[in-house]
Amino acid sequence: MTYKYEIIIYWSKEDNAFIAEVPELPGCMAHGDSYEDAIQNIKTAINLWIDTAKEFGDPIPQPKEEKLIYA
């Protein structure tokens, strides 16, 4: 099954890398030296997050398929 979660990517000056986060999957983050690397790494992290949740019988949030609201 393919999940389509929202991914937030930003440059971290502190880490000197692009950081990718999936807000709907707590703790699911990755980084990369380039934007493209961060995208590839977060795709791997999403799959690992879901595999781990399945292994432990934890619920897997369904993608909300809507943009986050920023204040």
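As the structure is a prediction and not an experimental result, all values here were calculated from the model. Throughout, residues of each chain are indexed from 1 in the direction in which the sequence is written. In keeping with the model being predicted, local features are shown solely for residues with a pLDDT of at least 70 and side-chain atom pairs are shown and tallied solely at 80 or more, while totals for entire chains, interfaces and linings include all residues. To get the side-chain values, all heavy atoms of the structure are used, and hydrogens and water are removed first.

**Quick notes on helix α1 (residues 35-56)**
Stage number 1. Helix and strand assignments follow DSSP, with helices taken as H or I runs no shorter than four residues and strands as E runs no shorter than two, numbered in order from the N terminus. For a helix, the expected span equals 1.5 Å multiplied by the number of residues minus one. End to end, α1 covers 31 Å across 22 residues, agreeing with the expected 32 Å (1.5 Å per residue, within 8%).
Stage number 2. A38, I39, I42, A45, I46, I50 and A53 are the residues of α1 that are buried. Down the axis of α1, the smallest arc covering the buried residues is 135 degrees, so these residues share one side. Structural note: α1 exposes E36, L48, K54 and E55 on the side pointing more than 90 degrees away from its buried face.
Stage number 3. Contact definition: two residues touch when any of their heavy atoms are within 4.5 Å. In this fold, the buried residues of α1 make contact with β1 (8-12), β2 (17-21) and β3 (29-32).
Stage number 4. G57 lies just past α1 and shows a positive phi near 70 degrees. Exposure is judged per residue with a 1.4 Å probe applied to protein chains only, and the accessible area is read against the type maximum: over 50% gives exposed, under 20% gives buried, and values in between give partly exposed. Directions drawn from the helix axis to the C-beta atoms are what define this arc.

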